[in-house]
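# Structure at a glance
This is what each chain is made of:
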Amino acid sequence: MGEQGVEVQPNSYWRFRKQDFLPEESFQSWANYRSALAQTHFRFKDRLTSRSTDAKEIGEIRKQSENDMTRCLTWWDLTWFGFGSVIGAGIFVLTGQEAHDHAGPAIVLSYAASGVSAMLSVFCYTEFAVEIPVAGGSFAYLRIEMGDFMAFITAGNILLESIVGTAAVARAWTSYFTTLLNRPSDSLRIHTNLKEGFNLLDPIAVGVLVITATIAMTGTRKTSYLNWIATALNTSAILFVIIAGFAHANTSNLTPFLPFGAEGVFKAAAIVFFSYGGFDNIATMAEETKNPSRDIPIGLLGSMSLITIIYCLMALSLTMMQKYTDIDRNAAYSVAFQSVGMNWAKYLVALGALKGMTTVLLVGALGQARYITHIARAHMIPPWFALVHPKTRTPIYATLLITISSSLIALFSSLDVLANLLSLSTLFIFMMVSVALMVRRYYVRETTPRINLLKLIAFLLIIVASSMGTSAYWGLRPNGWFGYVVTVPFWFLGTLGIQIILPQQRTPKVWGVPLVPWLPSLSIATNIFLMGSLGNQAFIRFALCTAVMLLYYVFFGLHATYDMAHQQHKPEPLEVKDDDIAEY
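None of these values were measured; they are calculated from a predicted model.

### Considerations on the overall build of the protein
Along its length, the protein carries 22 helices and two strands. Here the protein has a C-alpha radius of gyration of 24 Å; the compact-globule value for 584 residues is 25 Å, and the two agree. Within the protein, buried positions represent 60% of all 584 residues. Accessible surface, the protein as shown: approximately 22,700 Å² in total, 66% of it carbon and sulfur. Computed over 41 positive and 38 negative side-chain charges, the inter-centroid distance for the protein is 3 Å.

Okay, here's the thing in structure tokens:
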């Protein structure tokens, strides 16, 4: 801003200079880069122990985008965004698959268990989003409470979740579109000789991703209006599924209720947790919310409470319409309605699923791009991706990064290849946010005595270790009980120790998680438990992806963020205030 509010336009948005990709001193010459690599150990120690601050994340780091996003969203927008971002491929695709393979009629308990775990995470996200209303979501929260390195690991999983999740939904979109056309599920895909699971090319999924991303780039407010309409239509289809399902219910189909035992219920719960993924996109829109302290709690908690109830009712209606052994794994609801003589209903179900998945992609394009924007502001990835367009007030480059990456994966990979990896990444992120909330409440730099910090670390390690022990024992001996006699009391004592021994160092200004430390501790335990219920392949893929992330961090991210923290890099100022562009 110049004198008397005159706008200054120092740079064109459409630019591709080296300075926008590699502005840090370490990358200005090969000599500088070799010197930076020689200091890797020292720099890693610095980044491991350093912390950001609320003020820095809210104020200073936002200047990296050169233009502000517009504060144009209310609780009403966020509630509909909650519905739009969550209700999609998961409930329509995974319900039949998991009821048939793992849970039977008890799939309703799987959704309830996943819903409880998701709600615990929602509480933690909500407190952070109110206190730190920035686009970075969990990445920003962890930078403040746990440092750059843990934030990077989370950022890598955010990128993985965003790209893989978007690709999975796009693939499911094609499957339901073929159902709407009354054609075989793979008839619109291109068959190749590649390895199974990657041999069906899906150009339609790519086209849908491009269209939704284009809409998201035109403006947040316009996207919100479109989301209202599409989500309202989708909600109508969901209400039809529930009402018609109960009208044709046969309670004998609920017997046996637990054909695969409790083990099957929790294994299915870990998979269907994918259906709740996406609510964290709402936290990334805090920077564009008019009144975050009021609107975010209403939007997040309200939408997720209703979604949990809807999911349980939809799962129950399916298993009452059709015996779990007869449920079709690929088009469960459509085939179930055919079985009760409502052949025409499969088209309505397919249309509702399509609308739901379209809004998931639409809201995902908004939220994921804002994650990427804040990660780029911190120079974890090139700051070029942090730039916000001066007219649309949207991060176009960040949106393109997600869209192009997701399109490449959606073109080749099938949904079953993607679902396990996605659930594990999502659960890991939610678990880390719960840990960060405990740190936020009980530790303040330069205020908390060192002895209290060491006690907090010890208690957190007990909580995490006992939760991992419970999950491991469940996986090894699902019908046993002795291991829980050890692990559960340790979890209880770790949480009780925090409550009794450690005084809270920070009180939320407006809205906070109730029953701290018990609710965030329970969130840690449930997320780890669900992670342990996933198969070995999910952990192998997760480990490989994490290894790739660490290589990137050692050779690029570490040095970029070190330079960002220790040099007086002065980005261009934000040009205008949000109020000046209310039309967007």
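### Considerations on the pattern of salt bridges
Under the counting rule described, the total for this entry stands at 21 salt bridges. We note a salt bridge from Asp68 to Arg62, for which the minimum N-O separation is 2.5 Å. Residues Asp68 and Arg62 agree in their burial class; the two are buried. Linked by salt bridges that have partners in common, Asp46, Arg47, Glu57, Arg143 and Asp148 make up one network.

### As for the side chain of Arg393
Mapped onto the fold, Arg393 is located in the loop between α16 (345–377) and α17 (396–412). Here Arg393 falls in the buried class, since its relative accessible area comes to 3%. One polar contact links the side chain of Arg393 to the main-chain carbonyl oxygen of Asp68, over a distance of 3.2 Å.

### Some words on the confidence of the model for the protein
Residues with a pLDDT of 70 or more make up 93% of the protein, whose mean pLDDT is 85. A low-confidence stretch, residues 1–9 (pLDDT under 50), is modelled with eleven contacts involving residues beyond four sequence positions or located in other chains. Contacts for the low-pLDDT stretch residues 568–584, under 50 throughout, to residues beyond four places or in other chains number 43 contacts.

### Points about a nonpolar patch on the surface
There is a patch of nonpolar side chains on the surface, built from Ile462, Trp481, Phe482, Val485, Val486 and Phe490 and spanning about 620 Å² of accessible area. At four residues, helix α20 (residues 482–501) tops the list of elements feeding residues into the nonpolar patch. By the element assignment, Val485 lies in helix α20.

### Regarding the environment of Phe177
With respect to the helices, strands and loops of the structure, Phe177 is situated in helix α9 (residues 148–180). A residue is classified by how much of its surface remains accessible, and Phe177, at 25% relative accessible area, is partly exposed. Separated by 273 residues in the primary sequence, Phe177 and Arg450 place their C-alpha atoms 59 Å from one another. With residues near it in sequence (within four places) discarded, Phe177 still touches Leu188, Ile204 and Leu354.

The rules behind the values
Residues numbered from 1 in each chain as written. Predicted model: local features only at pLDDT ≥ 70, side-chain atom pairs only at ≥ 80, totals over all residues. Heavy atoms only, no water. Helix = DSSP H or I, 4+ residues; strand = E, 2+ residues; numbered from the N terminus. Rg over C-alpha atoms; globule rule 2.2 N^0.38 Å. Buried < 20%, exposed > 50% of the residue type's maximum accessible area, 1.4 Å probe, protein only. Areas by Shrake-Rupley, 256 points an atom, 1.4 Å probe, with all protein chains shown as cover. Lys, Arg positive; Asp, Glu negative; His and termini not counted. Charge placed at Lys NZ, Arg CZ, Asp CG, Glu CD. Salt bridge = Lys/Arg side-chain N within 4 Å of Asp/Glu carboxyl O. Polar contact = N/O pair within 3.5 Å; in protein donor to acceptor, adjacent residues only side chain to side chain. pLDDT = per-residue confidence, 0-100. Contact = heavy atoms within 4.5 Å. Patch = residues over 30% accessible without salt bridge, like charges linked within 9 Å, V, L, I, M, F, W, Y side chains within 5 Å.

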